[in-house]
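Single-letter residue listing:
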Amino acid sequence: MKKIGSPEKEMSFLDHLEELRWHLIRSTAAVMILAVLAFIFKDFVFNTLIFGPKQPDFPTYRMFCNISQAMGLDTFCFQEMPFRIQSRTMAGQFSAHMWTSIYAGIIVAFPYILYEFWKFISPGLKEKERKTSRGFIFIASLLFFIGVLFGYYLITPLSINFLGNYQVSKEVFNDFDLDSYISLVRTSVLACGIVFELPIIMYILTKIGLITPEILRKNRKFALIIVLILSAIITPPDIVSQIIVAIPIIILYEVSIYISKIVIRNQKREENRRKRKD
């Protein structure tokens with residue numbers, strides 16, 4: 001790998017480590033700056049974002065309420081969630097405030113983190129590879145945020161509605177710990193954001209020769225089983241929620257097959273051009 005701006009100078013292993021260190025420092029600085037902003041705007045982060053899916057007027061509940069009423073049901077129509085959120089430790093609320101701010105910083109800074117990652121690996125790529133991968137940051141960020149929104153507006157309210165209303169007995173009242181509630185929201189959002197990166201992951205695996213369209217097609221049945229298991233892990237244990245999660249993942253898998261096919265086709269064209277030149 002050559003250092004940008006000095007093409008004749010090869011970077012040593014220690015130079016690579018130093019370069020990586022600065023990329024990590026800048027990424028961490030971006031996360032911390034955004035985390036501080038999230039920490040300052042506590043009311044918006046918690047009352048609007050974190051506790052939004054707990055409110056009966058949350059957009060997802062309104063949408064499902066209208067759909068269920070049109071079908072003669074009232075499954076998602078309610079006035080209040082039948083549970084309370086509590087903090088049982090002295091530092092519980094401050095700790096939740098701090099860690100939630102950090103995770104918010106990571107989510108918002110995701111495009112910049114990708115940018116720093118790209119700046120680190122791009123000098124080692126060929127000019128043509130850099131040109132064909134220019135949209136990497138935009139596409140990867142777009143997929144991530146679509147996944148985050150999907151997790152926030154679908155998976156999170158479905159999970160909260162199911163688990164918040166679930167009772168083994170009327171003798172037991174749901175008093176959820178603050179950390180437990182925030183963990184559910186965080187896991188749903190981040191898990192979906194990462195899952196939606198599937199086309200990017202398949203693109204990279206195809207480029208390095210670990211995956212081909214034939215392998216993806218051949219293992220489609222196994223992939224479907226894995227998708228259903230993944231859906232069961234991410235969502236509450238009801239069939240409707242699992243189907244809602246499984247459908248976009250299956251679509252992403254099919255898109256990944258198409259992307260892998262394009263990558264292989266472009267690689268074959270490049271090989272044919274080289275043969276002709278030789």
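Residues numbered from 1 in each chain as written. Predicted model: local features only at pLDDT ≥ 70, side-chain atom pairs only at ≥ 80, totals over all residues. Heavy atoms only, no water.

Peer 1: Can you lay out the packing of helix H5 (residues 110-121) against helix H7 (residues 136-165) for me, pointing to particular residues and giving the numbers?
Peer 2: The description of two packed helices rests on the angle between their axes and on the distance between the axes. Close contact between H5 and H7 brings their axes to 9 Å; oriented N to C, the two are set at 150 degrees. With respect to the hand of their crossing, H5 and H7 are arranged in right-handed fashion. In contact with Phe110, Pro111, Leu114, Tyr115, Phe117 and Trp118 of H5, H7 contributes Phe136, Ile137, Ala140, Ser141, Phe144 and Phe145. (Axes fitted to C-alpha atoms, helices over the stretch in contact; angles between N-to-C directions. Helix = DSSP H or I, 4+ residues; strand = E, 2+ residues; numbered from the N terminus. Left-handed = near helix turned anticlockwise from the far one by under 90°. Contact = heavy atoms within 4.5 Å.)

Peer 1: Quick one: what's the story with the packing of H7 against helix H8 (residues 178-195), residue by residue and with numbers?
Peer 2: The N-to-C vectors of H7 and H8 enclose an angle of 140 degrees; their axes lie 7 Å apart at closest approach. The interaxial crossing formed by H7 with H8 has right-handed handedness. Contacts from Phe144, Gly147, Val148, Phe150, Gly151, Tyr152, Ile155, Thr156, Ser159, Ile160 and Leu163 in H7 reach Tyr181, Leu184, Val185, Ser188, Val189, Leu190, Cys192, Gly193 and Ile194 in H8.

Peer 1: An account of the environment of Asp179 is needed here, citing residue identities and associated values.
Peer 2: Note on placement: Asp179 falls in helix H8. A relative accessible area of 43% places Asp179 in the partly exposed class. It is 7.8 Å that separates the C-alpha atoms of Asp179 and Ser87, two residues lying 92 residues apart in sequence. Each residue touching Asp179, except ones within four places of it in the same chain, is listed here: Gly92 and Ala96. (Buried < 20%, exposed > 50% of the residue type's maximum accessible area, 1.4 Å probe, protein only.)

Peer 1: Describe the packing of aromatic side chains, and please don't skip the residues or the numbers.
Peer 2: Applying the stated criterion across every chain yields a total of 13 aromatic pairs. Seen in terms of ring centroids, Phe83 and Phe176 are 4.9 Å apart; in terms of plane orientation they differ by 55 degrees. Their pairing is tilted. Of the two residues, Phe83 sits in strand S1 (residues 83-86) while Phe176 sits in strand S2 (residues 174-177), which places them 93 residues apart along the sequence. Of the residues examined, Phe176 reaches a relative accessible area of 22% and is grouped as partly exposed. These aromatic residues form a ring-pair network of at least three members: Phe58, Tyr61, Tyr152 and Tyr153. For the cation-ring pair, Arg21 lies above Trp22, with the distance from its terminal atom to the ring centre recorded as 5.1 Å. Of note, Lys54 hangs over the ring of Phe83, and the distance from its end group to the ring centre comes to 5.3 Å. (Phe/Tyr/Trp six-rings, centres within 6.5 Å; stacked < 30°, edge-to-face > 60°. Lys NZ or Arg CZ within 6 Å of the ring centre and 35° of its normal.)

Peer 1: Mind laying out the environment of Ile137, listing which residues take part and the relevant values?
Peer 2: With respect to the helices, strands and loops of the structure, Ile137 is situated in helix H7. In this structure, the C-alpha to C-alpha distance between Ile137 and Tyr112, residues 25 residues apart in sequence, is 8.6 Å. Residues within four places of Ile137 in sequence aside, it is in contact with Pro111, Leu114, Tyr115 and Trp118.

Peer 1: So, a nonpolar patch on the surface: which residues are in play, and what are the values?
Peer 2: On the surface, Ile33, Val36, Leu37, Ile40, Phe41, Phe44 and Leu49 cluster together to form a nonpolar patch covering roughly 680 Å² of accessible area. Of all the elements in the fold, those that place two or more residues in the nonpolar patch are helix H1 (13-40) and helix H2 (42-50). Broken down by element, the residue count for the nonpolar patch peaks at 4 residues, all from H1. Summarising the element assignment, Leu49 is placed in helix H2. (Patch = residues over 30% accessible without salt bridge, like charges linked within 9 Å, V, L, I, M, F, W, Y side chains within 5 Å. Areas by Shrake-Rupley, 256 points an atom, 1.4 Å probe, with all protein chains shown as cover. Salt bridge = Lys/Arg side-chain N within 4 Å of Asp/Glu carboxyl O.)

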